[in-house]
Amino acid sequence: VKSSGYGYVQPAVKLGRAPPAPVKVSKGGATSAVARHIIQQRQYPVDCEAPVNHQPRNALPGNKPAHNAAVLRLAFSSDASRLVTAGADRTARVMKLPLSKFQGEGTDLIAHNAAVTSVSWSHDGTL
């Protein structure tokens, strides 16, 4: 029987680098200092507010928004090299990552009849 993977914690992945090996977590909790640190870092702080600080290095050129209306969905490609967003402005955008390097370069998918409410990548990395 194949494991479901619940006994492992995946360390953070840096863009453009191969993902590190998962860290095994025993039933009694994390057994090593590395595993405890990873688990602690991966827990979402419950008492924090939504991120609202502007990050200029990740902004699109001229601080223009990705969409002219609300962003309804987004998805990262499996290799983390692209981001696709779905907007209430009836468009979808595929942008190369990191935004700080490519400045929003990518493809705009326009002329939808209504708001684009969902986007996803297939297992082979295509839309």
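Going by the structure above, here's the rest.
This report concerns the structure included in the present document. (Residues numbered from 1 in each chain as written. Predicted model: local features only at pLDDT ≥ 70, side-chain atom pairs only at ≥ 80, totals over all residues. Heavy atoms only, no water.)

**Quick notes on the overall build of the protein**
Across its full length, the protein carries two helices and six strands. For the protein, the N- to C-terminal ordering of α and β elements is β-β-α-β-β-β-α-β. Buried residues in the protein amount to 22% of all 127 residues. As presented, the protein carries roughly 9700 Å² of accessible surface, and 54% of it is formed by carbon and sulfur atoms. (Helix = DSSP H or I, 4+ residues; strand = E, 2+ residues; numbered from the N terminus. Buried < 20%, exposed > 50% of the residue type's maximum accessible area, 1.4 Å probe, protein only. Areas by Shrake-Rupley, 256 points an atom, 1.4 Å probe, with all protein chains shown as cover.)

**Focus: the pattern of salt bridges**
In a structure, side chains of opposite charge can pair up when their charged atoms sit close to one another. For the structure on display, the rule yields two salt bridges. Here R93 and D108 are joined by a salt bridge, their closest N and O atoms 2.8 Å apart. Taken as a pair, R93 in strand β5 (residues 92–96) and D108 in strand β6 (residues 106–109) lie far apart in primary sequence, 15 residues in all. On the basis of relative accessibility, which here comes to 10%, the residue R93 falls in the buried class. For the salt bridge of E105 with K96, the shortest nitrogen-to-oxygen distance reads 3.0 Å. (Salt bridge = Lys/Arg side-chain N within 4 Å of Asp/Glu carboxyl O.)

**Here we look at the environment of D124**
Its place among the elements puts D124 in the segment after β6. Judged by relative accessible area, D124 falls into the exposed class, the value being 60%. The sequence separation of D124 and S78 amounts to 46 residues, and the corresponding C-alpha distance is 8.4 Å.

**Observations regarding unusual backbone geometry**
Note on backbone geometry: most residues besides glycine have negative phi, and most peptide bonds are trans. A cis amide bond links L97 to the next residue, P98, at an omega of 0°. With respect to the helices and strands, P98 occurs in the loop between β5 and α2 (99–102). Of note, the phi angle at N63 is positive, near 55°, even though the residue is not glycine. In this structure N63 comes out as exposed when scored by relative accessible area, which is 54%. The phi dihedral of A111 is positive, around 70°, even though this residue is not glycine. With respect to the helices, strands and loops of the structure, A111 is situated in the segment after β6.

**Points about the side chain of T85**
Within the secondary structure, T85 is located in strand β4 (residues 82–87). In this structure T85 comes out as buried when scored by relative accessible area, which is 4%. One polar contact links T85 to H67, side chain to side chain, over a distance of 2.6 Å. When residues no more than four places from it in sequence are discounted, the contact partners of T85 are H67, V71, R73, L74, T91, A92, R93, M95 and V119. (Polar contact = N/O pair within 3.5 Å; in protein donor to acceptor, adjacent residues only side chain to side chain. Contact = heavy atoms within 4.5 Å.)

**Digging into the pairing of β4**
Summarising burial for β4: five of the six residues are buried, a large majority. In sequence, strand β3 (residues 71–76) turns back onto β4 through a hairpin of five residues, with A80 there showing a positive phi of about 60°. Of the pairings in the sheet, the one linking β4 to β5 comprises five bridges and is antiparallel in character. Each bridged residue has a counterpart across the sheet, and for A86 the counterpart in β5 is A92. Here β4 hands over to β5 after four residues, with R90 in that stretch at a positive phi of 70°. (Pairing = 2+ DSSP bridges.)

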